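Chain residues, written in single-letter form:
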Amino acid sequence: MVDFLAENNICGQAILRIVSCGNAIIAELLRLSEFIPGVFRLKDKADQQKYGDIIFDFSYFKGPEVCEGKLEAKPDLQDLDDEFRENNIEILTRFYLAFQSVHKYIVDLNRYLEDLNEGIYIQQTLETVLLNEDGKQLLCEALYLYGVMLLIIDQKIEGEVRERMLVSYYRYSAARSADSNMDDICKLLRSTGYSSQAGAKRPPNYPESYFSRVPINETFISMVIGRLRSDDIYNQVSAYPLPEHRSTALATQAAMLYVTLYFDASILHSQQAKMREIVDKYFPDNWVISIYMGISVNLAEVWESYKAAKTALNYTLDLSNIKEQASRYAAVMERVHTQVQQFLKEGCLREELVLDNIPKLLNCLRDCNVAIRWLMLHTADSACDPNNKRLRQIKDQVLTDSKYKPKILFQLLLDTAQFEFILKEMFKQMLSEKQAKWESYKKEGSERMAELADVFSGVKPLTRVEKNENLQAWFREISKQIMSLNYDDSTAAGRKTVQLIQALEEVQEFHQLESNLQVCQFLADSRKFLHQMIRTINIKEEVLITMQIVGDLSYAWQLIDSFTSIMQESIRATPSMVTKLRATFLKLASALDMPLLRINQANSPDLLSVSQYYSGELVFYVRKVLQIIPESMFTSLLKIIKLQTHDIIEVPTRLDKDKLRDYAHLGPRYEVAKLTHAISIFTEGILMMKTTLVGIIKVDPKQLLEDGIRKELVKRVALALHRGLTFNPRAKPSELMPKLKDMAATMDGFHRSFEYIQDYVNIYGLKIWQEEVSRIINYNVEQECNNFLRTKIQDWQSMYQSTHIPIPKFAPMDESVTFIGRLCREILRITDPKVACYTDQLNTWYDMRTRQEVTNSRLFSEIQDTLGTFGLNGLDRLLCFMIVKELQNFLSMFQKMVLRDKGVHDALKSLTNTVNPLKGIVANCGKVYSTAVAKTQKIWAAYLEAIMKVGQMQILRRQIANELNYSCRFDSKHLAAALENLNKLLKPMCLVSFLMSSEQLCELQEKYNGPSWKY
């Protein structure tokens, strides 16, 4: 019979593609759930007031004409709606495609089931597919994944948000949605009333009513549930031979059964016999389960409203049973932790010991992983609603009876991961060397027998052994027998090797060879090599597979985050702990096998995308844990800067001998040395972690350290700029200059600290400083300029924002979004032409009332010292946007007050006719002009204000350009000179090209590019 998953098996490939697609859809939903535009939640009053009239839920479909009519009646709303569309259509399309793929998935599954029933696949029916091992797994997974998709959508993307996004997409993409199955998607994904918030009530008939929105073949559902109830579809029990481990062995199947039962809720409600059977088989000792990639549920809570399920679960949730299970796992944890620590002692896990004790080691691994799994799931905060009294009591009982201590459980997890990692590496190496070693032992044993044959030949005089032709022939025959052993036929070779060992033991006894120590030694060595051959031939890949199954940590994909603080405390206390954490991260990476297996089998192009998502999530978590190292470094760094700035006086070039003691500062210098040593130890800790492949992403510890330092630098510098550059508009005089000086000192402190530390941690401090500070400033300028743009630049579109080294965003304090906006507006406030007068010769602004100096060109030097060239350039860019905005406002005003006002229009036309032609002095000019001014009086105030604002900003831009030009000549004189010469060279060339015709340019180009031209 053709393999069900063979490429030429159309039936198998069809369901495999569906399941592969299901895993990819779930990854996409999880990825998108992190990018939901906050505006669709309408949580803030500001968002409600601004967007409440253009964002609709499904009530829109009751009367779309009414809603659209309201928008068309208000041009401002229509303009806001257009802007909103331009900013969000890309992400809305991505969400819609994900929602559409969920609907397409269930449609494809239903079509596949119809094809099976109609006999489209020759010799295949639903029954025959379920009899096949791979077919049974895939059909169960297909239904299970659909349920998981729906649960993830409801948990990660709230019902109201889904509705608003679907309606927005429908309105903004009418042409595209006209041909699509928008109605079906809306029916499937309309709000269920479910909320993932703690304490929220579960809607009635949830989630069975949600699952039944698209009808699925009832026979298929019944048969899938039947298979999941009765069979071990993944053959996991073989990896867990002990009966007390059965619920762990069947945990994956239990999760699938939990989800699929909602497709036939009558079992949960009324079929007590079936529920009793299910609970006895899958949930006799556990009630918190992981359903997909660490998403956990508490059966005591979710089955509360189902009579049969609740009754069946009562024994499991009986306090005596809870006490028994918790006490048992506490005892197991204590016992196995001692064993694992014993195995991890230096020199304990040798090759001989491992080969002789494979069953013992695997049993220890099973006990460790089962205990960790049970304790992590049943003590997790996420699985217990704090508002539910019964759940709280159950959890408290577990915590008390298991003597739960998070640090001890985490230590067991660390040690188990390390133990697993060492065993896996040893087995991989032994498997790769298996044949070579076996052949080597065979050769050595055969040679020993040949040498013994020579000994009994009497040819070797020094052996003092009498000639014995029978023994000589026998040993030669044994040598031949050993050489005849075949590696490929391991079973026969193993049996024959055992017989050879027995023969060698018997020959030593029956022929009284004990008297000759040399012969005895030869026989002992030969038996030893034969024993090694048996050990080596018994190294099987099945052991690695069992370890992979037993070591699964996918249930902790989300729960592991609760141990982050313990990990970080351990690293802070012992930086070398990072090496043990590496094994834990690799163990966690085993969770990627589940979603990627079917995608890989189907050769799907989604493999890279899904791998990158899950690997990226894991690497993000690794970075989060190890971020404690840069944080600790910066804490020490701040102390160093404080000591260097305030306590240690810089030693002058010439110094009297008598004053040497005054400059020694031995205490502070010792403290600096101590802190520097601590920083280098932290660095050493992270660099001890070897380059590791986490999923498909290679994690380089040196890069990890550098990224961590960058992240901490960005966080601290961004916070300092946010807090330092805030101004009180009522302060007299302005706080601008003092705050800029303080900020410059703070930035200089950061700069000096980086310069000091770079050699101790082996990084390019100045390069990192310049790149990250420029990124912070450019990002804040970009966000500030978003206020003036119709199409905003979102964070995920920004070239300055990063997922690994994110620039923090802070809540706005005033009309400005960022510190760069506050700085710009403060400068505009103090140099406002209404209150300050600018003197061009002195480059200074004076208060028009008090005649006191307000500020001068030194202001821009201070900004240069504080924010550098990037800050000045950013200010210039922001001023450009402000100027454009003012000009747009002026043009809008001009259209309303001049072009559309007939009186003003006629007055200006009359003035134009009067003053033309422009050849002399206008007659009665006083009267002409005063009449024109009087008739157009209302436009001059707005005109004057616009001119003054634009002029003010242009003066500021000139000052910025002057400061940039000066600092460029001072700091980079060679580059400045080169640029100046290039400008001088290009000016006449540009003028010539402007004046010349296109024909002349072509002639000139041909002349200079032709073959006759010589340099």
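Residues numbered from 1 in each chain as written. Predicted model: local features only at pLDDT ≥ 70, side-chain atom pairs only at ≥ 80, totals over all residues. Heavy atoms only, no water.

Peer 1: Sorry, what's going on with the overall build of the chain here?
Peer 2: Secondary structure summary: the chain contains 43 helices and seven strands in total. For the chain, the C-alpha radius of gyration of 40 Å lies well beyond 31 Å, the compact-globule estimate for 1015 residues. Considering only C-alpha atoms, the chain reaches an extent of 145 × 90 × 80 Å along its principal axes. Looking at the chain as a whole, 48% of its 1015 residues are labelled buried. Put simply, of all contacts in the chain between residues at least 6 apart along the chain, 76% involve residues at least 24 apart. Just so you have it, the chain exposes about 52,400 Å², and 53% of that area is on carbon and sulfur atoms. Mean positive and mean negative side-chain charge positions of the chain (124 and 125 charges, respectively) differ by 5 Å. (Helix = DSSP H or I, 4+ residues; strand = E, 2+ residues; numbered from the N terminus. Rg over C-alpha atoms; globule rule 2.2 N^0.38 Å. Buried < 20%, exposed > 50% of the residue type's maximum accessible area, 1.4 Å probe, protein only. Contact = heavy atoms within 4.5 Å. Areas by Shrake-Rupley, 256 points an atom, 1.4 Å probe, with all protein chains shown as cover. Lys, Arg positive; Asp, Glu negative; His and termini not counted. Charge placed at Lys NZ, Arg CZ, Asp CG, Glu CD.)

Peer 1: In this structure, what is going on with the packing of helix α39 (residues 902–915) against helix α40 (residues 925–935)? I would like to understand it.
Peer 2: Helix packing geometry: the angle between the two helix axes and the distance between the axes. Here α39 crosses α40 at 165 degrees, and the two axes come no closer than 9 Å. Classified by the angle their axes make, α39 and α40 are roughly antiparallel. Crossing angle aside, the handedness with which α39 passes α40 is left-handed. Contacts between α39 and α40 involve V904, A907, L911, T914 and V915 from the former and V928, Y929, A932 and K935 from the latter. Taken together, the residues of the contact of α39 with α40 sort by class into seven nonpolar, one polar and one charged. (Axes fitted to C-alpha atoms, helices over the stretch in contact; angles between N-to-C directions. Parallel < 35°, antiparallel > 145°, perpendicular 65-115°, else oblique. Left-handed = near helix turned anticlockwise from the far one by under 90°. Nonpolar A, V, L, I, M, F, W, Y, C, P; charged D, E, K, R; others polar.)

Peer 1: Explain the packing of aromatic side chains to me, please; I cannot follow it from the model alone.
Peer 2: Remark: the centre distance and the inter-plane angle together describe each pair of aromatic rings, the angle taken between the planes. What the rule picks out here adds up to 37 aromatic pairs. For the ring pair F58 and F61, a centre distance of 5.6 Å and an interplane angle of 55 degrees mean the geometry is tilted. Judged by relative accessible area, F58 falls into the buried class, the value being 15%. The partly exposed category is assigned to F61, whose relative accessible area is 33%. Both rings, one in F890 and one in F894, keep their centres 6.2 Å apart while their planes meet at 35 degrees; by these two values the pair is tilted. (Phe/Tyr/Trp six-rings, centres within 6.5 Å; stacked < 30°, edge-to-face > 60°.)

Peer 1: Help me understand the nonpolar core, please; the structure alone is not making it clear to me.
Peer 2: Where a protein is soluble and globular, its nonpolar side chains tend to be buried together. Core analysis: the biggest nonpolar cluster contains 269 residues, and Y112, M275, W303 and Y614 have the highest contact counts within it. Among the elements that take part in this core, helix α4 (residues 75–118) stands out by supplying 16 residues, more than any other. Here Y614 is in contact with I26, A27, L30, Y292, M293, W557, L592 and P595, once residues within four sequence places are set aside. The next biggest cluster of nonpolar side chains, apart from the first, holds 25 residues, and it includes Y441, M449, I478 and L530. (Core = buried A, V, L, I, M, F, W, Y, C linked by side-chain atoms within 4.5 Å.)

Peer 1: Could you clarify how one ought to interpret the state of the cysteines in this entry?
Peer 2: Joining two cysteines, a disulfide is a covalent bond between their sulfur atoms. This model, assessed by the stated rule, comprises zero disulfides. Unpaired in this structure, C11 has its nearest cysteine sulfur neighbour in C140, at a distance of 14 Å. Note on C11: relative accessible area 2%, which makes it buried. With no disulfide of its own, C21 lies 18 Å from the sulfur of C11, the closest cysteine sulfur. (Disulfide = S-S within 2.5 Å.)

Peer 1: Even after reading the chapter, I still don't get the pairing of strand β1 (residues 288–292), so can you show me in this structure?
Peer 2: Most of β1 is tucked away, with five of its five residues classed as buried. Strand direction decides the pairing type here: β1 and strand β2 (residues 295–298), joined by four bridges, are antiparallel. Bridge assignment links I289 to a residue of β2, and that residue is V297. What sits between the antiparallel neighbours β1 and β2 is a turn of two residues, in which M293 has the positive phi angle 45 degrees. (Pairing = 2+ DSSP bridges.)

Peer 1: Looking at this structure, I do not really get the sheet that holds strand β5 (residues 836–839). What am I missing?
Peer 2: The strands making up a sheet are joined through hydrogen bonds of the backbone, oriented either antiparallel or parallel. The strand order β5-β6-β7 describes an open sheet built from three strands, whose pairing is antiparallel. Where the open sheet ends on each side, the last strands, each with one partner, are β5 and β7 (853–856). Averaged over neighbouring strand pairs, the angle between their axes works out to 25 degrees when direction is ignored. Inspection of the sheet shows strand β6 (residues 844–847) paired to β7 by three bridges, in the antiparallel sense. From the neighbouring strand, W845 faces β7, where its bridge partner is T855.

Peer 1: I would appreciate a short explanation of the environment of R17 in the present structure.
Peer 2: One can find R17 in helix α1 (residues 10–32). The partly exposed category is assigned to R17, whose relative accessible area is 48%. Residues R17 and N603, 586 residues apart in the sequence, show an inter-C-alpha distance of 8.9 Å.

Peer 1: Where do I start with the packing of helix α31 (residues 628–647) against helix α34 (residues 701–724) in this structure?
Peer 2: Relative orientation of the contacting elements α31 and α34 amounts to 55 degrees, with a least axis distance of 8 Å. Accordingly, the angle class assigned to the pair α31 and α34 is oblique. As α31 packs across α34, the resulting crossing turns out to be right-handed. Of the residues in α34, those touching α31 at I629, P630, E631, M633, F634, T635 and L638 are L705, G708, I709, E712, L713, K715 and R716. When grouped by side-chain class, the residues that make up the contact of α31 with α34 number eight nonpolar, two polar and four charged.

Peer 1: How should helix α20 (residues 358–378) be read in this particular structure?
Peer 2: Here α20 spans 30 Å end to end across 21 residues, near enough to the 30 Å set by a 1.5 Å rise per residue. Across the 21 residues that make up α20, a large majority, 18, are buried. (Expected span 1.5 Å × (residues − 1).)

Peer 1: When you look at helix α35 (residues 736–761) in this model, what are you seeing that I'm missing?
Peer 2: The terminal C-alpha atoms of α35, which comprises 26 residues, lie 37 Å apart, in line with the 38 Å expected from a rise of 1.5 Å per residue. At E755, α35 shows its maximal kink, close to 25 degrees. Inspection of α35 places L736, L740, M743, A744, M747, G749, F750, S753, F754, I757 and V761 among the buried residues, and these make up the whole buried set. Against the buried residues of α35 lie α31, α33 (666–687), α34, α36 (765–785), α37 (819–830) and α38 (858–899). N762 sits one or two positions beyond α35 and adopts a positive phi of about 60 degrees. (Bend = angle between axes of the 7 residues up to and from the residue.)

Peer 1: When you look at a nonpolar patch on the surface in this model, what are you seeing that I'm missing?
Peer 2: On the surface, a nonpolar cluster with roughly 460 Å² of combined accessible area is contributed by L979, L982, L985, L986 and M989. Here L986 shows up in helix α42 (residues 973–995). (Patch = residues over 30% accessible without salt bridge, like charges linked within 9 Å, V, L, I, M, F, W, Y side chains within 5 Å. Salt bridge = Lys/Arg side-chain N within 4 Å of Asp/Glu carboxyl O.)

Peer 1: Would you mind showing me how to read the environment of D832 here?
Peer 2: For D832, the position within the fold is in the loop between α37 and β5. Sequence-wise, D832 and A493 are 339 residues apart; in three dimensions their C-alpha atoms are separated by 97 Å.

Peer 1: Hey, could you run me through the pattern of salt bridges in this one?
Peer 2: Side-chain pairs of opposite charge can arise where the charged atoms are in close proximity. This structure, assessed with the given rule, holds 56 salt bridges. Where R790 meets D82, a salt bridge forms, and the shortest distance between an N and an O atom there is 3.9 Å. Linking R790 in the loop between α36 and α37 with D82 in helix α4, this pair joins segments that are 708 residues apart in sequence. For R790, a relative accessible area of 33% translates into the label partly exposed. Across the pair E886 and K949 runs a salt bridge whose closest N-O atoms are separated by 3.8 Å. A residue pair is termed long-range when its members are at least 10 positions apart, and E886 in helix α38 and K949 in helix α41 (residues 937–971) qualify at 63 residues.

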